[in-house]
Amino acid sequence: MMEAPPALALDRVERRYHQGEATLEILRGADLQLLPGQSVALIAPSGAGKSTLLHVAGLLEKPDAGEVHVGAEATARMADRRRTAIRRLHIGFVYQFHHLLPEFSALENVVLPQLIRGLPREEARARAQQLLEYLGLGHRLQHRPMELSGGEQQRVAIARAVANAPRVLLADEPTGNLDPHTAEHVFSTLTTLVEASGLAALVATHNLELAKRMSRRVTLQEGRIVELT
Ligand code: ADP
């Protein structure tokens, strides 16, 4: 049987920052492939380049060299407008802090990105409700972020990130702000969703226990991706 093509592929990605006279070589030929339905933990010390890798993978920054494929699309030399369109369509982000809109309910926070994409309101509401119920938040649809616990807020943030059914989910320390029990709950929700939806997820985390539950673990060494066993 032929393997499904990667949802996201980084090929020999380089990224450097200039700081005064100095050049910081952060990514130095990073290769990474994420297959649909796979969750990959990115574990590396602070400053190793995890956020940089997520930004390049999420088309928020351009690589200085190398290529980033989202599905079949090579994005590195695309015009910014097309990159933005691909990002909106195919990539979801979850951050350490939820960044939900405080004046809107959980449901509305998940409806909004779908409206922005052009879905009819009824369809967007139905999907938002279904997703939130799937994530165990059926009883919290009308709550505002402030009226939710930290774990609930992060689950709403996950629902929002996948509301438009992206191919790829990128998460930067999504449970870094939660107590261990809640982190565990949010994490298992995330991995279940990834497996069920065929999404590919790359999750930067310091939590080795949680990383063990994911399909693969990788690290960054001298600007390259190295598989951990
Ligand atoms: P991590 O997420 O693993 O902590 P980052 O990707 O945030 O690492 O940063 C890697 C290195 O790149 C750090 O030394 C950081 O100071 C540097 N860096 C990140 N962004 C910039 C920038 N915009 N300009 C200059 N240096 C940066």
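Here, the structure is the one placed above.
Residues numbered from 1 in each chain as written. Predicted model: local features only at pLDDT ≥ 70, side-chain atom pairs only at ≥ 80, totals over all residues. Heavy atoms only, no water.

## Details of the overall build of the chain
No. 1: Each helix and strand in the chain was counted, giving 7 helices and 10 strands.
No. 2: Taken over C-alpha atoms, the radius of gyration comes to 17 Å for the chain, in line with the 17 Å a tight globule of 229 residues would show.
No. 3: Classification of the 229 residues of the chain by burial places 50% in the buried group.
No. 4: Contacts spanning at least 24 positions in sequence make up 70% of the contacts within the chain whose residues lie at least 6 apart.
No. 5: Considering the chain, the positive charge centre built from 26 side chains and the negative charge centre built from 26 side chains are found 3 Å apart. (Helix = DSSP H or I, 4+ residues; strand = E, 2+ residues; numbered from the N terminus. Rg over C-alpha atoms; globule rule 2.2 N^0.38 Å. Buried < 20%, exposed > 50% of the residue type's maximum accessible area, 1.4 Å probe, protein only. Contact = heavy atoms within 4.5 Å. Lys, Arg positive; Asp, Glu negative; His and termini not counted. Charge placed at Lys NZ, Arg CZ, Asp CG, Glu CD.)

## With respect to helix α2 (residues 80-90)
The periodicity of an α-helix, 3.6 residues per turn, causes residues three or four positions apart to be oriented the same way.
No. 1: Among the residues of α2, Arg83, Ile86, Arg87 and His90 are the ones counted as buried. Buried positions in α2, seen along its axis, are confined to an arc of 100 degrees and lie on one side of it. Exposed and oriented more than 90 degrees from the buried face of α2 are Arg81 and Arg88.
No. 2: Against β4 (65-70), β5 (73-74), β6 (91-94) and β7 (168-172) lie the buried residues of α2. (Arc of directions from axis to C-beta.)

## Remarks on the sheet that holds strand β9 (residues 216-221)
Paired through backbone hydrogen bonds, the strands of a sheet run either parallel or antiparallel to each other.
No. 1: Strand order in the open sheet made by the 6 strands is β6-β7-β8-β3-β9-β10, with mixed pairing throughout. Strands with a single pairing partner mark the edges of an open sheet, and in this sheet they are β6 and β10 (224-228). Each strand of the sheet is rotated relative to its neighbour by a mean of 25 degrees, with strand direction disregarded.
No. 2: Relative to strand β8 (residues 200-204), β7 runs parallel, the two sharing 5 bridges. Its bridge partner being in β8, leucine 170 is matched across the sheet by leucine 202.
No. 3: Running at roughly 155 degrees to β7, helix α1 (residues 50-57) makes contact with β3 (39-42), β6, β7, β8, β9 and β10 of the sheet. (Pairing = 2+ DSSP bridges. Axes fitted to C-alpha atoms, helices over the stretch in contact; angles between N-to-C directions.)

## A word on helix α6 (residues 180-197)
No. 1: When the terminal C-alpha atoms of α6 are compared, their 26 Å separation across 18 residues agrees well with the 26 Å that a helix rising 1.5 Å per residue should span.
No. 2: For α6, the full list of buried residues reads Thr182, Ala183, Val186, Phe187, Thr189, Leu190, Thr191, Leu193 and Val194.
No. 3: Looking at the buried side of α6, the elements it contacts are β3, α4 (121-134), α5 (150-161), β7, β8 and α7 (208-211).
No. 4: Residue aspartate 179 occupies the N-cap position of α6, its side-chain oxygen lying 3.1 Å from the main-chain nitrogen of histidine 181.
No. 5: Count one or two residues on from α6 and you reach glycine 198, which has phi positive near 75 degrees. (Expected span 1.5 Å × (residues − 1). Polar contact = N/O pair within 3.5 Å; in protein donor to acceptor, adjacent residues only side chain to side chain.)

## Examining the packing of helix α3 (residues 106-117) against α5
No. 1: Axis separation between α3 and α5 bottoms out at 8 Å; the angle between their running directions is 20 degrees. With respect to their mutual orientation, α3 and α5 come out roughly parallel. As for how α3 packs across α5, the hand of that crossing is right-handed. Where α3 abuts α5, its residues Ala106, Asn109, Val110 and Pro113 lie against Val156, Ala159 and Arg160. (Parallel < 35°, antiparallel > 145°, perpendicular 65-115°, else oblique. Left-handed = near helix turned anticlockwise from the far one by under 90°.)

## What about the site of the ligand?
No. 1: Close contacts around the ligand come from Tyr17, Gln19, Leu24, Ile26, Pro45, Ser46, Gly47, Ala48, Gly49, Lys50, Ser51 and Thr52, and that covers them all.
No. 2: Computed on the free molecule, the ligand has an accessible area of 560 Å², of which 62% lies beneath the protein chains in the complex.
No. 3: Only β1 (8-19), β2 (22-34) and α1 provide two or more residues apiece to the shell around the ligand.
No. 4: With 3 residues, the top contributor of residues to the shell around the ligand is α1.
No. 5: Its residues assigned to classes, the shell around the ligand shows 5 nonpolar, 6 polar and 1 charged. (Near = heavy atom within 4 Å. Areas by Shrake-Rupley, 256 points an atom, 1.4 Å probe, with all protein chains shown as cover. Nonpolar A, V, L, I, M, F, W, Y, C, P; charged D, E, K, R; others polar.)

## Observations regarding unusual backbone geometry
No. 1: Here arginine 12, not a glycine, exhibits a phi torsion of approximately 50 degrees, which is positive.
No. 2: Relative to the elements of secondary structure, arginine 12 occurs in strand β1.
No. 3: Of note in this structure, histidine 99 is not a glycine but carries a positive phi near 55 degrees.
No. 4: Position of histidine 99 among the secondary structure elements: in the loop between β6 and α3.

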